[in-house]
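Residue strings, one per chain:
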Amino acid sequence: MASEPIIQCDNLVKIYKTKDIEVLALQGLEINIDRGELMAIIGNSGSGKSTFLNMIGGLDRPSAGKLIVDGKDLFKLNERELVEYKRRTVGFVWQNNARNLLPYLTAWQNVQMPMLFEHGERKKKRALELLDMVGLSRRRNSRLSQLSGGEQQRVAIAIALANNPKILLADEPTGAVDVKTGAYILDMFRDINKSTGLTVVIVTHDRMLSKKVHRVAAIRDGKISSERIMKQSYIERLNEITSLTEEDEVQDEYAVLDRAGRVQIPHDVLAQLGVTGNKVRMEVHNGELVIKKADR
């Protein structure tokens, strides 16, 4: 019998209110993420992807729907339980390293900072183990100013792993580095996922980097609109996939239906069809659904 998904999201809604306006950031988002899965969430700016990550991370409260993470109903957690959840269940990696790193500390001192209740020697040993995991053992005594952007991000990943979280959340983790370094960081996430079984969820706008994960969910207008699943022929060949590999060669794309059977059609697809209004023609032909531009 398959285990329950570690993240269960059902009809999730998030509304941001100010005095004058109300913004619907998530509009009935539905997705399940399995334990030990490595997946990416992609979408344009304002699509709701970072809002979704903040919901999982306990940094923002959902407005409606269901969100259960590692068996915990995030709608029912009080403030004390939420602090414990953020400390024990999730680790966060940000695009902006300033949210993870203290510039006046060395790499290993930064990594041991979240380990509040460990003894000194045990903390240092764990910090050095994590730096070794991210390939920075030789830079353990370096301060922030002595590290490159990619090295700083690797220290940030070690910090996110310090308290042995069950889920690693990464919000645009490669956004501040070059393409080669970004690919290296993504490979690191993949290695951590494979060696530890840690669930890893990466939010990114970079479709080229996202092709190295098994599943990619696209958010559009606050809902999951499509998913890309890695082709079986590529699962054992991930190391061969480079930024030059065509995305369609690696993953199959599927549209996602909501409960009412609705599907979102991307704007670029509608443009290719020449659709300018709000109507299209639909036909079922030889077991396939065909969508065409309306005659009028």
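Details of the structure are given in the entry above.
Keep in mind that this is a model prediction, so the values were computed, not measured. (Residues numbered from 1 in each chain as written. Predicted model: local features only at pLDDT ≥ 70, side-chain atom pairs only at ≥ 80, totals over all residues. Heavy atoms only, no water.)

1. Side note on unusual backbone geometry
One non-glycine residue, Asp 70, lies in positive phi territory at about 50°. With respect to the helices and strands, the residue Asp 70 is situated in the loop between strand 4 (64-69) and strand 5 (72-73). Positive phi, close to 55°, is recorded for Asn 164, a residue that is not glycine. By the element assignment, Asn 164 lies in the loop between helix 5 (149-160) and strand 7 (167-171). (Helix = DSSP H or I, 4+ residues; strand = E, 2+ residues; numbered from the N terminus.)

2. Comments concerning helix 6 (residues 179-196)
Over its 18 residues, helix 6 extends 26 Å from the first C-alpha to the last, a length consistent with the 26 Å expected when each residue adds 1.5 Å. Of the residues making up helix 6, those classed as buried are Gly 182, Ile 185, Leu 186, Asp 187, Met 188, Phe 189, Arg 190, Ile 192 and Asn 193. The N-cap residue of helix 6 is Asp 178: its side-chain oxygen and the backbone nitrogen of Lys 180 are 3.2 Å apart. Downstream of helix 6 by one or two residues, Gly 197 has phi in the positive range, about 75°. (Expected span 1.5 Å × (residues − 1). Buried < 20%, exposed > 50% of the residue type's maximum accessible area, 1.4 Å probe, protein only. Polar contact = N/O pair within 3.5 Å; in protein donor to acceptor, adjacent residues only side chain to side chain.)

3. Some details on the environment of Asp 221
Looking at where Asp 221 falls in the secondary structure, it is placed in the loop between strand 9 (215-220) and strand 10 (223-230). For the pair Asp 221 and Gly 46, spaced 175 residues apart in the sequence, the C-alpha separation amounts to 7.8 Å. When near neighbours in sequence (up to four residues on either side) are disregarded, Asp 221 contacts Gln 27, Ser 47 and Gln 264. (Contact = heavy atoms within 4.5 Å.)

4. Topic: the sheet that holds strand 4
Spatially, 2-1-4-5 is the arrangement adopted by the four strands of the open sheet, whose pairing is antiparallel. If you trace the sheet from one side to the other, it starts and ends with strand 2 (22-33) and strand 5, each paired once. Along the sheet face, helix 1 (residues 49-56) touches strand 1 (7-17), strand 2 and strand 4 and points at about 115° away from the line of strand 1. (Pairing = 2+ DSSP bridges. Axes fitted to C-alpha atoms, helices over the stretch in contact; angles between N-to-C directions.)

5. Topic: the side chain of Thr 199
Here Thr 199 is to be found in strand 8 (residues 199-204). Since its relative accessible area comes to 1%, Thr 199 is described here as buried. Within the structure, the side chain of Thr 199 is placed 2.8 Å from the backbone nitrogen of Gly 36, a separation counted as a polar contact. The residues contacting Thr 199, other than those within four sequence positions of it, are Ile 6, Ile 33, Asp 34, Arg 35, Gly 36, Glu 37, Lys 166, Ile 167 and Leu 168.

6. Overview of the nonpolar core
Val 111, Leu 131, Val 155, Ile 157, Leu 168 and Phe 189 are the most contacted members of the largest nonpolar core, which totals 36 residues. Counting only elements with at least two residues in this core, the list comes to strand 3 (38-42), helix 3 (107-112), helix 4 (120-133), helix 5, strand 7, helix 6, strand 8 and strand 9. Those residues within four positions of Leu 168 in sequence are excluded, and the remaining contacts are Gly 91, Val 93, Ala 160, Leu 161, Phe 189, Leu 198, Thr 199, Val 200 and Val 201. Counting residues in hydrophobic clusters, the runner-up holds 30 residues, among them Leu 26, Met 39, Phe 92 and Ile 219. (Core = buried A, V, L, I, M, F, W, Y, C linked by side-chain atoms within 4.5 Å.)

7. Digging into the packing of aromatic side chains
In the structure shown here, the tally under the stated rule is one aromatic pair. Measuring from centroid to centroid gives 4.3 Å for Phe 92 and Trp 94, while their planes differ by 5°, and the two rings are stacked. Looking at Phe 92, the relative accessible area reads 12%, which means it is buried. When the ring centre of Tyr 16 is taken as reference, the NZ or CZ atom of Lys 14 above it lies at 5.0 Å. (Phe/Tyr/Trp six-rings, centres within 6.5 Å; stacked < 30°, edge-to-face > 60°. Lys NZ or Arg CZ within 6 Å of the ring centre and 35° of its normal.)

8. Concerning the pairing of strand 8
Regular strands place side chains that alternate from one sheet face to the opposite one. Burial analysis of strand 8 places six of its six residues in the buried class, which makes it a mostly covered element. The side-chain alternation of strand 8 yields two buried faces, one formed by Thr 199, Val 201 and Val 203 and the other by Val 200, Ile 202 and Thr 204. In terms of strand pairing, strand 3 meets strand 8 through five bridges, oriented parallel. Each residue of the ladder has a partner; that of Ala 40, found in strand 8, is Ile 202. One ladder, built from five bridges, connects strand 7 with strand 8; its direction is parallel. When the sheet's bridge partners are listed, Asp 171 is paired in strand 8 with Val 203.

9. Some remarks on the pairing of strand 13 (residues 288-293)
Direction of pairing for strand 12 (residues 280-285) relative to strand 13: antiparallel, over a ladder of six bridges. When the sheet's bridge partners are listed, Val 280 is paired in strand 13 with Lys 293. Counted along the chain from strand 12 to the antiparallel partner strand 13, the turn is two residues long, and its residue Asn 286 has a positive phi close to 50°.

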